[in-house]
Amino acid sequence: MSAGLEISEMSVRAGGKMLLDGVGLMAARGLVTGLIGPNGAGKSTLMRASLGLMPVSGGRVRFNGADLLAMPGRDRARLAAFVEQSGGTDARLTARDVVLLGRIPFQSLWQSGPSPEDERIAGEALDAVAMRGFADRLYHTLSGGEQQRVQIARALAQQPQLLVLDEPTNHLDIHAQLATLTLLRRLAAEGATVVVALHDLNLAAGFCDHLVVLNAARLVAAGPPETVLSPALLREIYEVEAVVLAHPQTGRPMLAYGPPTISAAPPQ
Amino acid sequence: MNPPRLRLFAPALLAILLASMVLAVTLGPADIAPMEVWQTIGHRLGLVAESPVGRLREAIIWELRLPRVLVAAAMGAGLALCGAVLQALTRNPLADPYLLGLSSGASLGAVIFLLLGATLLMPLGAFLGAGAAMALTLLVTQLLGGVTPSRAILAGISISALAAAGTSLLIFWSVTADSYREILSWLMGSLGGVVWGEALPVLAGVAVLGGLLLVSGRALDAFAFGETAAASLGVDVARLRWLLLGGTALLTGVLVSIGGAIGFVGLVVPHIVRLVTGSRHRLLLPVSMLAGAIFMVWTDTAARSLFAPRELPVGILTALLGAPIFLLVLFRYRRIT
Amino acid sequence: MRPLPHFLCLSLLLTAPALAQTEYPLTLDNCGVTLSLPAAPERVVAIRSTSTEMLLALGLGERIVGVAFQDGLAAEPWTAQSAVLPVLAEKLPSPEVVLEAEPDLIYAGWESNFSLEGVGERATLGALGVATYVSPAACRSIVPPKLSFDAVFAEIAEVGALFDAGDAARALIAAQQAALAGIAPDPRGLTALWYSSGTKAPYVGAGRNAPQMMLEALGLENIFAGVDDGWISASWEAVVDADPDVIVLVDGERNSVAQKKALLAENPITSQLDAVIHQRYLVIPFAAAEAGVRNVPATRDMAAQLAGLSFTP
C-alpha cells in the first residue's frame, strides 16, 4: 500500500469521444506532481474523474490505499480538495464566506453557523495565501488573481491530504505565481499529496518533483522533470524547439524556447 | 452590513412580523376596536373570561381575520423561501416559485374544477393541476436527457405555456360572466374568504416543508460556484437537487391552491434580502421568509381594507408595490452592485 | 340618455293615445351613438335574455331573426315562443354570423356585446346599414343615472317607438305600473343583502342599478346602498358586520340557489348569520336581475316571498 494518489486505467467516454483512454498515474505523498500537456489533452478530465466529479467508463482511483470513487462524497471532500480554473459566481459572498465554504464537509446539518474552529481555520487559510486583509471584501469585486488565491484558500480550509489544482496560476502575476507554487511545495513537504495542472513548462520544471504528460487522451510520459522534459518530447508533443538548461541557482531544468516547428502559414 | 448587525437582523424582523400580525388583525371593513379584537382572541384561547363583542363580531375576528392574517404571513414566507431556494439551485436570478409550471398548472386545475361546478373544491383542483404540471415538466426534463437546472427551466416554460393556453381556451369557451370574475381574482392571486379549513394545510405545509427546505438549503452555499464545486465539497448534488425541487414544488402547490397565483413575492423578496444580507443561505433563507411574511401581511391587509367594503385581489397589490420597492432598494445599494 | 327625452317620450305616449304612431326616419341618441332608423326594423337580432323578452313582451316575436347569449328560455307566457327562435350562438356570435342573419337592428343587453371580440363595433355595423341599440340601463361609456322603474318603463316606451309598437308599449307599461303600485313596501324596516355570485368574495348588488331599485320597492334597505356602483366585489367581513335580515339569492345557471344556500350554511362565518340560520332568503332568477320587463313581476314575487318570512326568534 503506497501513500499517495494512484490512478489506474482511467477511461472517460462522453458523446462518443474518448476523453481519456486508459490513463494511469502515481502521485506520491509528499511530492508535487505536475500534470502537463497541450490544450484538450485530458488534464482537466483526469482531475475531475479521479475525484468523482464526472462519470467514468473504467478505471480505479486509490488514495492512501482507499478507493476514492467508492467512498461517500462527504468523506472524499474531507480528504481531497479541488481548485477549478474559473471561479465565477453571482452570489454576494465575501472572501471569508468563500473560504468558509471549504468547511462545509466538516459541518453538521444542524449547525447554525460556522464554528469558532471553522473561523480560525479559514483565517489561517487566508493567511497562507496572503489574503487576510481582503477577508471582508465582496468576492466579485476582487481581481482575477485575488479570486484565484481565495479559491486556493478555500481548498486549504478543507485541510486536505490530497490537493488537486487545475491551472491555479493562470491569472496571477509573477510574484503570486511563485508564491503559490512555493506554498504548494511547502504543503507537500508537510505531508500532503499535490497534483497540479500547469501551462507554464518552466514553472512545472522549477517546482514539480514528478511530471505526468498527457496528449490526446493518453499518457505519454511520466517521471522527474529532468527526464521528461527532453527536446524530443517538446518537439513531438508541443511542436516547439527548446534547449534544456540548468537553473543557475537551483540546478533545476529550465527551458529556452526556439521558434515553433510548424510553418508560419495560417492553419487550414 | 457588518456581521454583528446582521445577527440582529433576523430577530428584529421576527419582532416586526409579530407586531404586524397583531396590528393587522385589528384592521378591516368591520369597525372593531383593537382592544376588543385582542380580548376576543384571548377569550377564544381561553385566556380571557368573557368575550367583549357579540357572536357575529367574534366570528369575524376568529373565523375570518385571524386565519387570513396567519395565511398571509405563511404564504409570504413560503413563496419567498421557494423563490430563494430555486434561484440558488438554478443559479438563475429570474427563477421564482412557479418555475416548473406550477402556477399555470394550478390555474388550469382550478378552472376545470370551477367549470365542473365544484367551486368549493377549487383548491383541490389547483393542487392536482400543479402536481400534474410539475410531473410533466420533470418528465420532459428527463426525456431531454436528465434533470439539470437549465433543462428544468426550459421544460417548465413550455409546460407553463401549454397549461396557460389550455386555461385561456377553457375560459373563452365555457366561462360565464360571474365565474369569470372568480377565475380572474384567482389568477391574480387572492386570499379572500380564507377560513381555518384552508389555513391549517398552509400553516402545516410551511412549517414542515419550510423547515425541510431551510435545513437542506444550507448546502445551497456550496452551489455558489456551480455543481462541480458543490460536488467537490461533498454535497450529494443529485439528491439535493431532487429534494429541493420536490420540496419547493410541493410547498408551492399547497400555497397556490389556496391563494392563487400571487406574483412577485417569490421573485423579488429574495433579491431585496440578498442586497442587505448577502448570499449566505443560512441567513438568506430565514430572513427571506420573515421579509416575505411581513410584506404579505401588509399587502393583504391593504387589499381587504383600503377600498372597503370592496375587496381587491392581493396579487394586484403585490405587483403594484413590489416593483417600486425593488427599484428603491437597488438604488439604495447601488454602490454595492 | 338624458332624462328629459325619456319623460317627453313617456308623457307623449300617455297623454296622446292617438299619436301612438312613430314618425320615420326616427333619430335618437342611445348610449352616445346616434341611432337613425328609416323605417320600423323588420329583422332584429336580440343579444341577452332581457332584449329577447322585451321584444316578445311587445309582441314583436315575428321580427326576431336570431338570438344569442341567452340565459335559458324566456319566462311565461313567452316560453314556447322563445323556444323556436333561431339561436345564433351560445355566447357572442362573430360579426360574420350576425351579419349572415341580415338584421337591420341588433338589440344588445350589454354595451360590451358591441366590441371587436363581440358582434362588432357600433360604428362599423352602422356603416353597413345595421342599426344598433343598447339597453340604456346597461350603458357603461356614459354612466346612466341611478336606475328606477320609470327608467325601465322609459326603455319599454323607447323600444316601442323604435318598432312603431306604441300601443303595445303603452299597454305593457300601464300593466306593469299597476302591478308595481300593488306592491306595498315591507314596513318592518329590514336590511338585505343582494347576493349575485362569488364564493371567496361575494359579488353583490350595490346602490345604483337593478338590485337597489327592486330592494327599494320591496321596502328593504340594501346594506351596500351607500356604494355608488351597480354591483361590487365585496368581502364576507363587510356582509357579516352588516348582519342583513334578509338575503336575496340570484338563481344562476352555474351559480344556483342551492349552491349559494350550501355555501352560506357551510361557511364558518356566514353560517352564524340569523338570515342563514333561519333561511330568510328571497329568490330571483338571474334573467330578472337586470333591467328589463321581468323586474316588476320578479319584485312582486319577492314581495310575496318576503311576506311569508317569519321573524319571530
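**Details of the overall build of chain C**
- When you go through chain C residue by residue, the secondary structure sums to 12 helices and 13 strands.
- A compact globule built from 313 residues would reach a C-alpha radius of gyration of about 20 Å, and chain C, at 20 Å, matches this within 12%.
- Summarising its shape, the C-alpha atoms of chain C cover approximately 60 × 45 × 35 Å along the three principal directions.
- Looking at chain C as a whole, 52% of its 313 residues qualify as buried.
- For chain C, the proportion of contacts with a sequence separation of at least 24, taken over those separated by at least 6, is 63%.

**Things to note about the overall build of chain B**
- Scanning chain B for helices and strands turns up 13 helices and zero strands.
- Moving toward the C terminus, one meets the helices and strands of chain B in the order α-α-α-α-α-α-α-α-α-α-α-α-α.
- Taking 337 residues into account, the globule formula puts the C-alpha radius of gyration at 20 Å, and chain B, at 20 Å, falls close to it.
- Reported as C-alpha extents along the three principal axes, the dimensions of chain B are approximately 65 × 60 × 35 Å.
- Classification of the 337 residues of chain B by burial places 54% in the buried group.
- Across chain B, every contact between residues at least 6 apart in sequence was considered, and the portion connecting residues at least 24 apart equals 74%.

**A short note on the pairing of strand 2 (residues 33–37) of chain C**
Residues and elements named next belong to chain C.
- Relative to strand 2, strand 1 (residues 26–30) is paired through five bridges, and the arrangement is antiparallel. Each residue of the ladder has a partner; that of threonine 27, found in strand 2, is serine 36.
- Here strand 1 hands over to strand 2 after two residues, with cysteine 31 in that stretch at a positive phi of 50°.

**A short note on the environment of valine 44 of chain C**
Residue and element names in this part refer to chain C.
- Structurally, valine 44 can be placed in strand 3 (residues 44–47).
- Sequence separation between valine 44 and aspartate 245 is 201 residues, and the spatial gap between their C-alpha atoms is 43 Å.
- Other than its neighbours up to four places away in sequence, valine 44 contacts Leu55, Arg63, Ile64, Val65, Pro103, Leu105 and Tyr107.

**Things to note about the domain arrangement of chain C**
Residues and elements named next belong to chain C.
- Partitioning chain C into domains gives domain 1 (3–179) and domain 2 (191–308).
- Look at where the C-alpha atoms of domain 1 and domain 2 centre, and you get two points 27 Å apart.
- Counting from both sides, the interface comprises 19 residues of domain 1 and, opposite them, 15 residues of domain 2.
- Counting residues per element, the ones that place at least two in the side of domain 1 that touches domain 2 are helix 2 (49–57), helix 6 (149–162) and helix 7 (166–181).
- Its residues assigned to classes, the side of domain 1 that touches domain 2 shows nine nonpolar, six polar and four charged.

**Description of the interface of chain B and chain C**
- Every contact between the two is made by 28 residues of chain B and, on the other side, 27 residues of chain C.
- Those elements giving two or more residues to the side of chain B that touches chain C turn out to be helix 3 (55–90) and helix 7 (177–188) of chain B.
- Looking at the side of chain B that touches chain C, the element that brings in the most residues is helix 3 of chain B, giving six residues.
- Of the residues contributing to the side of chain B that touches chain C, the split by class is 11 nonpolar, nine polar and eight charged.

**Here we look at the interface of chain B and chain A**
- Contact with chain B, which involves 20 residues of that partner, is made by 22 residues of chain A.
- Here the side of chain B that touches chain A takes four residues from helix 9 (residues 227–232) of chain B, the largest share from any one element.
- A per-class count over the side of chain B that touches chain A returns nine nonpolar, five polar and six charged.

**A look at the packing of helix 8 (residues 210–218) of chain C against helix 12 (residues 295–308) of chain C**
Residues and elements named next belong to chain C.
- Their axes nearest at 10 Å, the elements helix 8 and helix 12 cross at an angle of 50°. The angle between the axes of helix 8 and helix 12 places the two elements in the oblique class. Both helix 8 and helix 12 take part in a crossing whose hand is right-handed. Of helix 12, the residues touching helix 8 (which contributes Ala210, Met214, Ala217 and Leu218) are Asn295, Ala298, Thr299, Met302, Ala303 and Leu306.
- Here the residues of the contact of helix 8 with helix 12 are counted per class, giving eight nonpolar, two polar and no charged.

**A short note on the pairing of strand 7 (residues 131–134) of chain C**
All names here are of chain C.
- Neither face of strand 7 is open: one carries Ala131 and Tyr133, the other Thr132 and Val134, and all of them are buried.
- Pairing of strand 6 (residues 105–108) with strand 7, which is carried by four bridges, proceeds in the parallel orientation. Looking at the pairing, isoleucine 106 lines up with threonine 132 of strand 7.
- The handedness of the strand 6 to strand 7 crossover, carried by helix 5 (residues 122–127), is right-handed.

**With respect to the packing of helix 11 (residues 265–277) of chain B against helix 13 (residues 314–332) of chain B**
Residues and elements named next belong to chain B.
- Axis separation between helix 11 and helix 13 bottoms out at 10 Å; the angle between their running directions is 20°. In terms of axis orientation, helix 11 runs roughly parallel to helix 13. In this structure, helix 11 meets helix 13 at a crossing whose hand is left-handed. In this structure, helix 11 contributes Val265, Val268, His271, Ile272 and Leu275 to the contact, and helix 13 contributes Thr318, Gly322, Phe326 and Val329.
- The residue makeup of the contact of helix 11 with helix 13, split by class, is six nonpolar, three polar and no charged.

**So, the sheet that holds strand 6 (residues 80–83) of chain A**
Residues and elements named next belong to chain A.
- Taking strand neighbours across the sheet as the criterion, the six strands line up as 6-7-8-3-9-10 in an open arrangement whose pairing is mixed. Taken across any chain shown, the strands that pair with only one partner, and hence form the sheet edges, are strand 6 and strand 10 (218–223). Averaged over all neighbouring strand pairs, the angle between strand axes comes to 15°, with direction disregarded.
- Where strand 3 (residues 32–36) and strand 8 (residues 193–197) come together, four bridges link them in parallel fashion. Following the sheet pairing, valine 32 is matched in strand 8 by valine 194.

**A few points about the arrangement of the chains**
- Here the protein chains form two pairs of chains in contact, of which the pair with the most contacts is chains B and C.
- What separates chain A from chain C at the closest point of their C-alpha atoms is a distance of 41 Å, and the two make no contact.

**Describing the sheet that holds strand 6 of chain C**
All names here are of chain C.
- Strands sit in the order 5-4-3-6-7 across an open sheet of five strands; the sheet is parallel. One side of each edge strand has no neighbouring strand; the edge strands of this open sheet are strand 5 (87–89) and strand 7. Neighbour-to-neighbour, the strand axes of the sheet open up by a mean angle of 20°, direction not taken into account.
- Where helix 2 meets the sheet, its contacts fall on strand 3, strand 4 (64–68) and strand 6, and the angle it forms with strand 3 comes to roughly 135°.

**Quick notes on unusual backbone geometry**
- Following tyrosine 24 of chain C, the chain continues to proline 25 of chain C via a peptide bond in cis, the omega torsion being 5°.
- With respect to the secondary-structure elements, proline 25 of chain C resides in the loop between helix 1 (3–15) and strand 1.
- For the bond running from glutamate 76 of chain C to proline 77 of chain C, omega is 0°, close enough to zero to count as cis.
- Look at alanine 130 of chain A: it is not a glycine, yet its phi comes out positive at around 60°.
- When you line up the elements, alanine 130 of chain A lands in the loop between helix 4 (116–128) and helix 5 (144–157).
- By C-beta crowding, alanine 130 of chain A is classed as partly exposed, having 15 other C-beta atoms within 10 Å.
- A positive phi is found at glutamine 279 of chain C, a non-glycine position, where the angle reads about 55°.

**Topic: helix 1 (residues 43–50) of chain A**
Residue and element names in this part refer to chain A.
- Most of helix 1 is tucked away, with seven of its eight residues classed as buried.
- Here helix 1 has its buried residues at Lys43, Thr45, Leu46, Met47, Arg48, Ala49 and Ser50.
- One or two positions beyond helix 1, positive phi appears at glycine 52, with a value near 70°.

Rules behind the numbers
- Residues numbered from 1 in each chain as written.
- Chains lettered and ligands numbered in written order.
- Predicted model: local features only at pLDDT ≥ 70, side-chain atom pairs only at ≥ 80, totals over all residues.
- Helix = DSSP H or I, 4+ residues; strand = E, 2+ residues; numbered from the N terminus.
- Rg over C-alpha atoms; globule rule 2.2 N^0.38 Å.
- Buried ≥ 20, exposed ≤ 12 C-beta atoms within 10 Å, placed from the backbone.
- Contact = placed C-beta atoms within 7 Å.
- Pairing = 2+ DSSP bridges.
- Domains from an automatic or database assignment.
- Nonpolar A, V, L, I, M, F, W, Y, C, P; charged D, E, K, R; others polar.
- Axes fitted to C-alpha atoms, helices over the stretch in contact; angles between N-to-C directions.
- Parallel < 35°, antiparallel > 145°, perpendicular 65-115°, else oblique.
- Left-handed = near helix turned anticlockwise from the far one by under 90°.
- Right-handed = clockwise from strand over helix to strand, strands pointing away.

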